[in-house]
Protein chains: 2
Amino acid sequence: LGGMGPQATVDLQSKIISLTEAKRDQDHCDVWVANLASIPDRLAAIRGTGTSPLPILMDAMQKLAGLGVGVILMPCNTAHYWYEDLRRVCPVPFIHIADAAVRYLPAGARRAVVLGTAATLAMRFYDDRLAAHGLKVEAVPQFQPAVDLAIAAVKAGDLAKGSEALAPVLANLVEARVDAVVLACTELPIAASGAACAAYASVIVDPTLALAAAGVAWAESAKSKPA
Amino acid sequence: LGGMGPQATVDLQSKIISLTEAKRDQDHCDVWVANLASIPDRLAAIRGTGTSPLPILMDAMQKLAGLGVGVILMPCNTAHYWYEDLRRVCPVPFIHIADAAVRYLPAGARRAVVLGTAATLAMRFYDDRLAAHGLKVEAVPQFQPAVDLAIAAVKAGDLAKGSEALAPVLANLVEARVDAVVLACTELPIAASGAACAAYASVIVDPTLALAAAGVAWAESAKSKPA
């Protein structure tokens, strides 16, 4: 259930493919993808300045369920604002991106930072989950402009610019001994895949990768069950 | 209409995104994707040793049409064996990958080679179209094992191996003054995107990129028409 943005939905699919042990096409999962870039802007809707994306999200979710999918993944953190509205009526399991993400934290990490849109940070859905794993989340509002720039650059297709905007933020956090940086906007792992960010891989938590892993794990368990 | 293989379907989506002039998510096209890796093996079916993929392709095509898509793209050359069967009942335009590809030939090219599965080459659907553009297609059966290896490597997720298998083929063709190499299996442009093949970009015809361009052109023209 994607398109928010379209490249993030492609990133999720790539990660599903690379996490699958496969020698031939038929070893991979079947994936139906609603890569619906026209879904109204999530931030604007939350701020009250734009149309709600909920009706289109609801419609796309129902269409995916109607196609017979067994689990739904939504590679957009900000859209999880409507997660409960969607989950309540979703006829199949719908994995929360933060539930997936906290299963993949750097070993022994204590100090976490969550980077994402202002709306995602305000929802605080990573905070409790990280606290439950013994991590303390620290706010870094001084980096929000750089994070917003990195997100916008990826959405505009300029991955190098996104990576260069994100790299100094990661450098600062590593320097300050933060040991887990949750890239809680699905454009950020794409920015972080650029060369400028390569040095910081060990502290990064990639919720898109975690969501892909959750999807692959679901598919594996479905395969091993009798039909 | 994809999954043949799954990475090729991701490649098509990436190319649709990168060919779209966009500053924000909503500038991109909406794309519904059937990334159905379980579609039976096309080569085996054509050789008479496996199940036909046609019923599943037909079902997926009908489902996509039912979702309201306006044009269908199928990023698999070999599956075009069933193109006419599908097109005949397809309620929306269905672009043939070779029709898209021959719109993007290197300027002044005269001598072409088509690389793909043995089944795609046997169908000869590129040959007439290339001839109509003044290109003579030359057969290179001596490279089929290397081409098959490159395709299998990409399907198994080993892009470096795919690229290394394809590079000597491209080197030989360039050395022999072939000036258009059609990568007529959707795994081959992925292999060709690897570093080992970077030197041969000027002779390459990428049908996946051409198919993406055709899709984007369709979406642009649909946008400019009154609803």
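Please refer to the structure higher up on the page.
The rules behind these values
Residues numbered from 1 in each chain as written. Chains lettered and ligands numbered in written order. Predicted model: local features only at pLDDT ≥ 70, side-chain atom pairs only at ≥ 80, totals over all residues. Heavy atoms only, no water. Helix = DSSP H or I, 4+ residues; strand = E, 2+ residues; numbered from the N terminus. Rg over C-alpha atoms; globule rule 2.2 N^0.38 Å. Buried < 20%, exposed > 50% of the residue type's maximum accessible area, 1.4 Å probe, protein only. Lys, Arg positive; Asp, Glu negative; His and termini not counted. Charge placed at Lys NZ, Arg CZ, Asp CG, Glu CD. Contact = heavy atoms within 4.5 Å. Buried area = accessible area lost by both parts, 1.4 Å probe. Salt bridge = Lys/Arg side-chain N within 4 Å of Asp/Glu carboxyl O. Pairing = 2+ DSSP bridges. Axes fitted to C-alpha atoms, helices over the stretch in contact; angles between N-to-C directions. Disulfide = S-S within 2.5 Å. Core = buried A, V, L, I, M, F, W, Y, C linked by side-chain atoms within 4.5 Å. Least-squares fit on C-alpha atoms with pLDDT ≥ 70 in both.

**Student:** Describe the overall build of chain A, with residues and values.
**Tutor:** The secondary structure content of chain A amounts to 11 helices and seven strands. Relative to the 2.2 N^0.38 estimate, which gives 17 Å for 227 residues, the radius of gyration of chain A is 17 Å and therefore close to what a compact globule would have. With respect to the principal axes defined by its C-alpha atoms, chain A has extents near 50 × 45 × 35 Å. Buried residues in chain A amount to 56% of all 227 residues. Charge-centre separation for chain A: the mean point of 19 positive side chains lies 4 Å from the mean point of 21 negative side chains.

**Student:** So what's going on with the interface of chain B and chain A? Which residues, and what values?
**Tutor:** A common way to express how large an interface is: the accessible area buried when the components associate. Each partner contributes residues to the interface: chain B has 35 residues there, and chain A has 36 residues. At the boundary of chain B with chain A, total buried surface from both sides reaches about 2900 Å², with 52% on carbon and sulfur atoms. At the surface where chain B touches chain A, the tally comes to four salt bridges. Between aspartate 25 of chain A and lysine 155 of chain B there is a salt bridge, with its nearest N and O atoms 2.7 Å apart.

**Student:** Which residues make up the sheet that holds strand S7 (residues 204-205) of chain B, and what are the values?
**Tutor:** Residue and element names in this part refer to chain B. Spatially, the four strands line up as an open sheet ordered S5-S4-S6-S7, and their pairing is parallel. Each of the sheet's edge strands pairs with one partner strand only, and the pair in question is strand S5 (136-137) and S7. Together, strand S4 (111-115), strand S6 (180-183) and S7 form the strand contacts of helix H9 (residues 159-175), whose direction differs from that of S4 by roughly 165°.

**Student:** Just give me the short version of unusual backbone geometry, but keep the residues and values in it.
**Tutor:** Methionine 4 of chain A connects to glycine 5 of chain A through a cis peptide bond whose omega is -10°. The residue glycine 5 of chain A is located in the segment before helix H1 (6-18) in this model. If you check the backbone angles, arginine 124 of chain A has positive phi at about 55° while not being a glycine. Assignment of secondary structure puts arginine 124 of chain A in the loop between helix H6 (118-123) and helix H7 (125-132). Backbone geometry at arginine 177 of chain B places phi at a positive 65°, although glycine is not the residue there. With respect to the helices, strands and loops of the structure, arginine 177 of chain B is situated in the loop between H9 and S6. Accessibility expressed as a relative area gives 67% for arginine 177 of chain B, which makes it exposed.

**Student:** A description of the state of the cysteines should follow, citing residues and the corresponding values.
**Tutor:** For the structure shown, the criterion picks out zero disulfides over all chains. With no disulfide of its own, cysteine 90 of chain B lies closest to cysteine 76 of chain B among cysteine sulfurs, the gap being 16 Å.

**Student:** Account for the pattern of salt bridges, with residues named and values stated.
**Tutor:** Taken as a whole and assessed by the stated rule, the structure comprises 26 salt bridges over all chains. Linking aspartate 127 of chain A and arginine 124 of chain A is a salt bridge whose minimum nitrogen-to-oxygen distance equals 3.5 Å. One salt-bridge network, in which partners are shared between bridges, spans Asp25 of chain A together with Arg42, Lys155 and Glu187 of chain B.

**Student:** An account of the sheet that holds strand S5 (residues 136-137) of chain A is needed here, citing residue identities and associated values.
**Tutor:** All names here are of chain A. Taken together, four strands build an open sheet; the order of strands is S5-S4-S6-S7 and the sheet is parallel. The open sheet has two edge strands, S5 and strand S7 (204-205), and neither has a second partner. With four bridges connecting them, strand S4 (residues 111-115) and strand S6 (residues 180-183) associate as parallel partners. Bridging from a neighbouring strand, valine 113 pairs with valine 181 of S6. Strands in contact with H7 are S4, S5 and S6; relative to S4, the strand with the most contacts, it is inclined by about 160°.

**Student:** I'd love a proper account of the nonpolar core, names of residues and values included.
**Tutor:** Of all hydrophobic cores here, the largest spans 48 residues; its most connected members are Trp32, Leu64 and Ile72 of chain A together with Trp32, Leu64 and Ile72 of chain B. Listing elements by their share of this core, those giving two or more residues are strand S1 (30-36), helix H3 (54-66) and helix H4 (83-89) of chain A together with strand S1 (30-36), helix H3 (54-66) and helix H4 (83-89) of chain B. Beyond its immediate stretch of four places on either side in the chain, leucine 64 of chain A contacts Leu1, Trp32, Val33, Ala34, Val69 and Ile72 of chain A together with Trp32 of chain B. Listed in part, the 28 residues of the second largest apolar core include Leu130, Val205, Ala210 and Leu211 of chain B.

**Student:** Lay out the relation of the copies chain B and chain A in plain terms, naming residues and giving numbers.
**Tutor:** Superposing chain B onto chain A requires a rotation of 180° together with a translation of 0.0 Å along the rotation axis, leaving an RMSD of 0.0 Å. Here the two chains are linked by the operation of a two-fold rotation axis. Of every C-alpha in chain B, the one belonging to valine 33 of chain B sits nearest the axis of rotation, 2.4 Å from it. Both copies contact each other with a shared surface, as 100% of the interface residues of chain B are interface residues in chain A too.

**Student:** Tell me about H7 of chain A, residues and numbers included.
**Tutor:** Residues and elements named next belong to chain A. Within H7, the full set of buried residues consists of Phe125, Tyr126, Asp127 and Leu130. The inward-facing, buried residues of H7 contact helix H5 (97-101), S4, H6, S5, S6 and helix H11 (207-224). Looking one or two residues past H7, glycine 134 carries a phi angle of roughly 85°, positive in sign.

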